[in-house]
Amino acid sequence: MPEDSATEVTAAGIARLAGVGRAAVSNWRRRHTDFPKPVGGTETSPSFSLAEIERWLRDQGKLAEVPLRERVWQQLAGHPAGTLTGLAHTGCVLLLLRERPPAVAALAALAALPDPRFAEALPGALEEVLTARFGTPRAVSTPTAGQLAPAAPLLRAAVELAAELGGPRQAFEFLLGRHLDANPRQYTLTPPPLAELMAALAAAATASAGDPPAGVLLDPASGTGGLLRAAAHPATLAVQDADPGLAALSALRLALHGDADIRSAAGDTLRADAFPELRADTVLAHPPFNERAWGHDELAYDPRWEYGFPARTESELAWVQHALARLRDGGTAVLLMPPAVASRRSGRRIRADLLRRGALRAVIALPAGAAPPYGIPLHLWVLVRPAADRRPPAEALFVDTAGLVPDAGRDKLPWTVLQNAVLDAWAGRAGDDTLARAVPVIELLDDEVDLAPARYLTAPDAGGSATELAAVRERLDATLRSTLALAPTPEPARPAPRPLTTVGELARTGALQLRTGGQGTAPAGREVPVLTEHDVLTGAAPSGTLPEAADGQSEEPVLVREGDVVVPVLGGGPSARVVDAATAGAALGRSLQLLRPDPDALDPWFLAGFLRGTANNRQASSFASTATRLDVRRLQLPRLPLADQRRHGERYRSLAAFEEALRLTARLGEQLVQGLYDGLADGSVQPGGGRG
């Protein structure tokens, strides 16, 4: 393979390649005069030529066989034009591989030629495929030979990666996932289970109207394309995003995912709509929230404002009307909205007109944690473009799913339960006015036009009867007693020096295996739970679900086993969880690292306990953008015989039991307190009594 002298790698990347901590890389730079010189970056954060680094590590005997995935990712992260550009070029070649395998085979024969010759052969083949797959407009431009030449080794390696992972789509999803994991604050993503819910709700609304399945789908704020990726396989997908890089990525992702005609554009959708003549069957959108500079001053007379000109503070209502304007008569839109849109006074006239004309059909409140910002219970709005031959409905549906998250697990979202409940409510099968209710439109048209679902539903009995509250009190008493019994007594000791090792060294010697989560799909018809970062931090059961493989070829996820240790790598403070029998079999989620110890060499509770040390986490952490990222390989633990490890492990196991008892105590206490507040308010509990 020709050397990639243009690809650069940081000290963190060198550490990952060699399986060491960053301190070791700093030592090598000081001690070895032949260590490669920086070729870019800054004085405090230099970058080096990847080819020179690999050669030096290999000559020093410090480079084990680098996994193909890591090699491709390092080449992509070091792309001279930026990671997004590298992803776009890689996506083009992977699409060529998907659409024209013989052509790629012919190009592979040029592997022995210099990079410029290899790059010169690509643009013609790429242009043919891109023209065939993408309609007009097209956000994916054909890269030139000059643009491709610096990334020729990356493009060759990406083709190898596709063979290793099972196909071009899987390779692209892996690289895109690594990029998103490395830049968690840069993108606002729609979680896959929520995208599936929105797509399923749109399909149900279309079916209930008696229309055929959607043939044209539009996402006017596409991001990375996750919403339309969750939809069925229509004839045409149209996407637009203000970021040219994201517009190209979403188009390539969708093209690799299915066989639909892709129309894509870069640009501000509200100011420069790329699809003014489009009449889509369905619009799915997760628009940006709370924008002030959305074009209020320039767009006062825009024909899209059929229901009223949105105030400067009502950018979301501009997106709602844009979606309606791009639908055919009777077409359906599902938009993710912040809850304030349902009740802000500045938007009440537009909300009233949406109701009167039958455009707004449902408002669905989701539990907090469904999508960023995770602390806010977001809403889904279901809209239908009014048709002249159909009478507006006399009712609007309101759904509040917050009560579906059990008290024992408010830190997780049961997505299957949520989706089934929402679809049942849409179909009129809810049967419970604490969950859903169809409200006459005339009742909604007051001075406020407040469309918050909780306002129109019967409040759930949070506390239950006095008898049920007494049972909660008894359980709380028993839990408090057991918690007190579990409370550890610190036994002072004089710290003594102990030889230390690192997770990276243990991995190299085979004492443990390292696996990274976030990939994989579920086989058709089978639901695979996912252990998420939130689950690990809160001690909850696996709350996510793997997306189902759309093409019938599932991608193997990393499944956790009993005795594995799982560590979050993005902020959140020191945390580590030992997988128990109840959690075993779940897939490993994003932003999680799995450590699988050899039971003959390492005790898992000993390992997890030392990984939770605050000082240990601080020295192994780095700052990526504004997020703290943990380099698991740098975490330290003492070298102890297995018998001594197990003594420590038992102590850590008892601490974990105490921690779980504290969590249960807090949940029961919260349930009792809220139940008494509610009981006193509705008269079901007497105000007398006291502590006894």
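Residues numbered from 1 in each chain as written. Predicted model: local features only at pLDDT ≥ 70, side-chain atom pairs only at ≥ 80, totals over all residues. Heavy atoms only, no water.

### Overview of the sheet that holds strand S14 (residues 512-516)
An order of S14-S20-S17-S18 is seen for the 4 strands of this open sheet, with the pairing classed as antiparallel. Only two strands of the sheet have a single partner each, and these edge strands are S14 and strand S18 (577-578). Of the strand pairs in this sheet, strand S17 (residues 565-568) and strand S20 (residues 592-597) are connected by 4 bridges, and their pairing is antiparallel. When the bridges of S20 are listed, Val-567 appears paired with Gln-593. In the packing of helix H21 (residues 604-611) onto the sheet, the strands contacted are S14, S17, S18 and S20, and the crossing angle to S17 comes to about 15°. (Pairing = 2+ DSSP bridges. Helix = DSSP H or I, 4+ residues; strand = E, 2+ residues; numbered from the N terminus. Contact = heavy atoms within 4.5 Å. Axes fitted to C-alpha atoms, helices over the stretch in contact; angles between N-to-C directions.)

### Topic: empty space enclosed by the protein
Enumeration according to the criterion identifies 2 cavities of 30 Å³ or more in this entry. Of the voids in this model, the largest cavity is the one considered here, and its volume is about 60 Å³. Among the secondary structure elements, those contributing two or more residues to the lining of the largest cavity are helix H12 (226-229) and helix H13 (244-257). Of the residues belonging to the lining of the largest cavity, the class tally is 7 nonpolar, 3 polar and 1 charged. Its volume calculated, the second largest cavity comes out at about 50 Å³. Taken together, Gly-330, Arg-357, Gly-358, Arg-361, Val-384, Arg-385, Pro-386, Ala-387, Arg-390, Arg-391, Pro-392 and Pro-393 make up the full set of residues lining the second largest cavity. Here the residues of the lining of the second largest cavity sort into 5 nonpolar, 2 polar and 5 charged. (1 Å grid on protein atoms, 1.4 Å probe; cavity = no way out; pocket = protein on both sides within 12 Å on 5 of 7 lines; lining within 4 Å. Points joined across faces, edges and corners; volume = space filled by probe spheres on them. Nonpolar A, V, L, I, M, F, W, Y, C, P; charged D, E, K, R; others polar.)

### A closer look at the environment of Leu-246
Following the sequence through the fold, Leu-246 ends up in helix H13. A relative accessible area of 9% means that Leu-246 is categorised as buried. In sequence terms Leu-246 and Gly-669 are 423 residues apart; their C-alpha atoms lie 46 Å from each other. With residues near it in sequence (within four places) discarded, Leu-246 still touches Tyr-187, Gly-223, Thr-224 and Asp-241. (Buried < 20%, exposed > 50% of the residue type's maximum accessible area, 1.4 Å probe, protein only.)

### Some points on unusual backbone geometry
Residue Pro-137 is bonded to the preceding Thr-136 through a cis peptide linkage, with omega at 0°. Secondary-structure assignment places Pro-137 in the loop between helix H7 (115-133) and helix H8 (145-148). Of note, the bond from Pro-372 into Pro-373 is cis; its omega dihedral lies within 30 degrees of zero at -5°. A positive phi is found at Asn-290, a non-glycine position, where the angle reads about 55°. Mapped onto the fold, Asn-290 is located in the loop between strand S7 (280-285) and helix H14 (315-325). The residue Ser-591 is not glycine, and still its phi comes out positive at about 60°.

### Some remarks on the packing of aromatic side chains
A full pass over the atoms with the stated rule returns 8 aromatic pairs. With 4.8 Å between their ring centres and 70° between their planes, Phe-35 and Trp-56 make a pair best called edge-to-face. In this pair, Phe-35 sits in the loop between helix H2 (22-31) and strand S2 (40-41) while Trp-56 sits in helix H3 (residues 50-59), placing the two residues 21 residues apart along the sequence. Across the pair, Trp-56 and Phe-35 agree in class, each one buried. Pairwise contacts between aromatic rings join Trp-28, Phe-35, Phe-48 and Trp-56 into one cluster. A cation over a ring is seen here: Arg-69 above Phe-174, with NZ or CZ 5.4 Å from the ring centre. (Phe/Tyr/Trp six-rings, centres within 6.5 Å; stacked < 30°, edge-to-face > 60°. Lys NZ or Arg CZ within 6 Å of the ring centre and 35° of its normal.)

### Looking at the packing of helix H1 (residues 11-18) against H2
Look at H1 against H2: their axes get within 8 Å of each other, and the N-to-C directions meet at 105°. In terms of orientation, H1 and H2 fall into the roughly perpendicular class. When H1 is examined against H2, the residues Ala-11, Ala-12, Ile-14, Ala-15 and Ala-18 are found in contact with a partner set consisting of Arg-22, Val-25 and Trp-28. (Parallel < 35°, antiparallel > 145°, perpendicular 65-115°, else oblique.)

### Considerations on the side chain of Arg-577
Here Arg-577 lies in strand S18. Although Arg-577 is buried, it forms no salt bridge, and the closest oppositely charged side chain is Asp-580 at an N-O distance of 5.1 Å. Among the polar contacts listed, one links the side chain of Arg-577 to the backbone oxygen of Ala-540, at a separation of 2.7 Å. Within the structure, the side chain of Arg-577 is placed 3.2 Å from the side chain of Thr-583, a separation counted as a polar contact. Excluding anything up to four places from it in sequence, Arg-577 contacts Leu-531, Asp-535, Val-536, Gly-539, Ala-540, Ala-541, Asp-564, Val-565, Val-566 and Thr-583. (Lys, Arg positive; Asp, Glu negative; His and termini not counted. Salt bridge = Lys/Arg side-chain N within 4 Å of Asp/Glu carboxyl O. Polar contact = N/O pair within 3.5 Å; in protein donor to acceptor, adjacent residues only side chain to side chain.)

### Side note on helix H18 (residues 466-486)
Along its 21 residues, H18 runs 30 Å from first to last C-alpha, staying within 8% of the 30 Å computed at 1.5 Å per residue. Buried residues of H18: Leu-469, Val-472, Leu-476, Thr-479 and Thr-483, and no others. Down the axis of H18, the buried side of the element spans an arc of 80°, and every buried residue falls inside it. In H18, the exposed positions angled more than 90 degrees off the buried face are occupied by Thr-467, Glu-474, Arg-481 and Ala-485. Residues of H18 that are buried sit in contact with helix H23 (642-682). (Expected span 1.5 Å × (residues − 1). Arc of directions from axis to C-beta.)

### Observations concerning the sheet that holds S2
To summarise the sheet geometry, strands pair through backbone hydrogen bonds and adopt either a parallel or an antiparallel arrangement. Spatial ordering of the open sheet is given by S1-S3-S2, a layout of 3 strands whose pairing is antiparallel. The open sheet has two free edges, formed respectively by strand S1 (8-10) and S2, since each of these has just one partner strand. As paired strands, S1 and strand S3 (residues 46-49) are joined by 3 bridges and run antiparallel to one another. Pairing of Thr-10 across the sheet is with Ser-47, part of S3. H3 rests against S1 and S3 of the sheet, and its axis sits at about 75° to S3.

### Some thoughts on the pairing of strand S10 (residues 379-384)
For S10, the buried fraction is high: 6 of the 6 residues fall into the buried class. Because side chains alternate across S10, one face comprises the buried residues His-379, Trp-381 and Leu-383, and the other comprises Leu-380, Val-382 and Val-384, equally buried. In this sheet, S10 lies alongside strand S8 (residues 327-337) in antiparallel orientation, the contact comprising 6 bridges. Bridging from a neighbouring strand, Val-334 pairs with Val-382 of S10. Relative to S10, strand S9 (residues 360-365) runs antiparallel, the two sharing 5 bridges. Bridging from a neighbouring strand, Ile-364 pairs with Leu-380 of S10.

Nothing here speaks to function; it is geometry throughout.
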